[in-house]
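Secondary and tertiary structure notes
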Amino acid sequence: KIYSYLIVMDIIEQNKIRMNRLSANSDGLLRQIQSLDWDELETALVECIFKKEESGLPDEYGPASYFPIIPENPEQKTLYEKAYKHGENLIREAKTSAFTVAGGQGTRLGYNGPKGTLPVSPIKEKPLFQMFAEQILGISRKYNVTIPWYIMCSPLNLEATTIHFKDNDFYGLGRDNLKFFAQGVMPATDFKGNLLLASKDSLALSPNGHGGSLKALIESGSVADMASRGVEHVSYFQVDNPLVSTINPLFIGLHDLQKSDMSSRSLTKTGPFEKLGNFVSTDDRISIIEYSDLPEEKALEKEADGRIKYRAGSPAIHILRRDFIEQFASGERKLPYHRAEKKVPHINENGKLVTPKEPNAVKFETFVFDALPLAQNPLILEADRLEEFSPVKNKTGVDSLESSQSDQIKRARRWLENAGCKILDNSLIEISPLTFPSKIDIERKNFHNFDFKKNLIYLD
Ligand code: UTP
């Protein structure tokens with residue numbers, strides 16, 4: 001350990017010397033070097049480059065237990081009814097807020113602009129941001145309350161995101177109830193820890209992962225804003241999932257009744273190797289093991305009833321208590337860095353731009369789910385996949401715009417048919433989240449025997 005510490009110190013020193021030389025002719029680079037958090041870089045190098053061989057898995061763990069979406073016994077049914085009402089009360093009392101992480105670079109999708117501005121709804125082509133905004137406004141109206149919405153961007157997309165909202169009159173939510181802020185960035189290095197330059201005036205910098213959201217919520221003043229409004233809970237979701245239930249009474253209610261610091265939704269995995277993080281438990285703690293890290297023999301383990309043991313996968317939907325987030329303010333509580341090997345274009349020693357075909361660099365990211373093992377009384381509530389999860393990540397195939405739109409239509413059909421409507425087999429259907437923010441709002445309408453003889457149904 002002392003040996004690797006010395007190597008890291010040496011690399012930090014060499015980086016400093018090299019950067020001082022290179023920044024002699026560039027004010028921009030000089031400013032970046034001066035504001036770089038070298039201690040943080042040192043931590044990232046130690047955790048991601050010099051501890052590479054360690055597995056990072058807990059010594060002993062088992063599958064985490066979770067609350068099933070359909071209660072399994074009368075006690076659970078009673079608990080869910082109580083939790084739903086409790087959650088509704090918390091919403092009504094303005095104790096909840098919405099929080100979207102939208103600072104990613106969306107490289108797999110390759111869309112030109114902030115991902116939240118991508119048109120996703122099947123008929124009206126509403127952007128992701130509009131889908132969430134309408135749902136939040138719909139819920140605010142239903143409970144006659146203001147729900148503040150915090151949106152984390154990156155320095156690369158903050159301006160474009162804010163302009164999008166301004167151009168759309170903040171989707172009727174009111175400027176004061178929205179807060180946009182940028183997360184932190186980390187420099188990329190080569191595999192030995194040498195800093196890379198994106199141009200002669202700039203380091204190769206990239207957002208520091210969605211785990212950066214905890215610090216960013218504090219440093220942007222968002223947590224203080226929440227405190228001044230009396231907000232106690234933060235409903236966390238990603239920018240790419242148009243089906244997400246942004247403010248869910250049952251989830252919020254269970255989380256608060258159990259005095260949980262951080263709670264998560266889970267999905268039943270489609271198979272042992274589905275690319276979702278796996279919920280595991282060690283004693284009274286819950287953590288997530290990435291799909292690539294779960295050993296194959298564990299992934300294949302089965303229960304007596306034939307279901308896979310590690311079936312609870314993470315769709316990255318959480319609720320965090322505001323005072324739990326505040327614990328990350330002092331820097332004593334920190335999330336570990338993860339190593340992501342990426343292709344990072346950079347300037348070489350001769351000043352030439354290199355565009356690598358293979359991963360050539362390490363990006364350092366923290367993940368918000370690493371806060372779970374630090375949380376007291378964490379809980380997991382299962383979600384029905386078609387109801388709540390169909391993200392847009394890829395250009396084609398699984399988790400693409402096409403698959404998400406098809407799921408949006410399927411869910412809308414399910415909601416309407418459950419409410420008693422008859423619909424043609426191949427109809428395109430879209431339901432406005434402003435008028436019907438959740439399926440309960442449709443069920444209450446009682447469309448019994450309502451016959452839609454149309455191929456295109458937009459319900460608002
Ligand atoms: P992804 O892991 O899907 O990453 O992020 P990404 O950057 O959006 O897309 P790819 O991998 O480059 O294709 C999951 C969620 O976390 C947010 C994203 O915006 C998305 O909502 N995120 C990710 C951040 O807010 N900041 C980050 O640094 C990384």
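Keep in mind that what you see is a predicted model, and the values were worked out from it rather than measured.

A word on the site of the ligand
The ligand sits among 17 residues. The nearest are Val 101, Gly 103, Thr 107, Arg 108 and Gln 183. Here Gly 103 contributes a backbone N or O atom positioned 2.8 Å from an oxygen atom of the ligand. Between the ligand and Gly 106, the relevant distance is 3.3 Å, taken from an oxygen atom to a main-chain nitrogen or oxygen of the residue. Relative to its unbound accessible surface of 570 Å², the ligand loses 87% to contact with the protein. Split into classes, the residues belonging to the shell around the ligand amount to 5 nonpolar, 9 polar and 3 charged.

Re the pattern of salt bridges
Scanning the entire structure with this criterion turns up 23 salt bridges. The salt bridge partner of Asp 225 is Arg 229, with a shortest N-O separation of 3.0 Å. Linking Asp 225 with Arg 229, this pair stays in helix α8 (residues 222-229), spanning 4 residues, or about one helical turn. Judged by relative accessible area, Asp 225 falls into the partly exposed class, the value being 23%. Close ionic contact of Arg 307 with Asp 305 constitutes a salt bridge, the shortest N to O distance being 3.1 Å. Taking relative accessible area as the criterion, Arg 307 reaches 39% and is therefore assigned partly exposed.

Side note on empty space enclosed by the protein
Within the structure shown, the criterion is met by 1 cavity of 30 Å³ or more. Lining the largest cavity are Ser 235, Ser 245, Thr 246, Asn 248, Phe 251, Arg 265, Ile 317, Ile 319 and Glu 388. Tallied by class, the residues present in the lining of the largest cavity amount to 3 nonpolar, 4 polar and 2 charged.

Rules used in this analysis
Starting from 1, residues in each chain are numbered consecutively following that chain's sequence as written. With pLDDT at 70 or above as the cut-off, local features in this predicted model cover only qualifying residues; side-chain atom pairs require 80 or more to be listed or tallied, and sums for whole chains, interfaces and linings still use all residues. The basis for every side-chain value is the complete set of non-hydrogen atoms in the structure, without hydrogens or water. Note on terminology: near, applied to a residue and a molecule or strand, indicates that one of the residue's heavy atoms is within 4 Å of it. Residues adjacent in sequence count toward polar contacts only when both atoms are side-chain atoms; beyond that, a polar contact is any pair of N or O atoms within 3.5 Å, and within protein one must be able to donate a hydrogen and the other to accept it. Note on areas: Shrake-Rupley with a 1.4 Å probe; residue coverage comes only from the protein chains shown. Residues are sorted three ways: Asp, Glu, Lys and Arg are charged, Ala, Val, Leu, Ile, Met, Phe, Trp, Tyr, Cys and Pro are nonpolar, and all the rest, Gly among them, are polar. Salt bridges are defined as contacts in which a side-chain nitrogen from Lys or Arg sits within 4 Å of a carboxyl oxygen from Asp or Glu. Helix and strand assignments follow DSSP, with helices taken as H or I runs no shorter than four residues and strands as E runs no shorter than two, numbered in order from the N terminus. For every residue, the accessible area (1.4 Å probe, protein chains only) is compared with the maximum for its type, and the residue is labelled buried under 20%, exposed over 50%, or partly exposed between those bounds. Buried and open spaces are told apart on a 1 Å grid over the protein atoms alone, a cavity being a set of points where a 1.4 Å probe fits but cannot get out and a pocket being an open set with protein on both sides within 12 Å along at least five of seven lines. Residues with an atom within 4 Å of a point are the lining residues. Grid points are joined across faces, edges and corners, and a volume is the space filled by probe spheres set on the points.

Any link to function would need more than the numbers given here.
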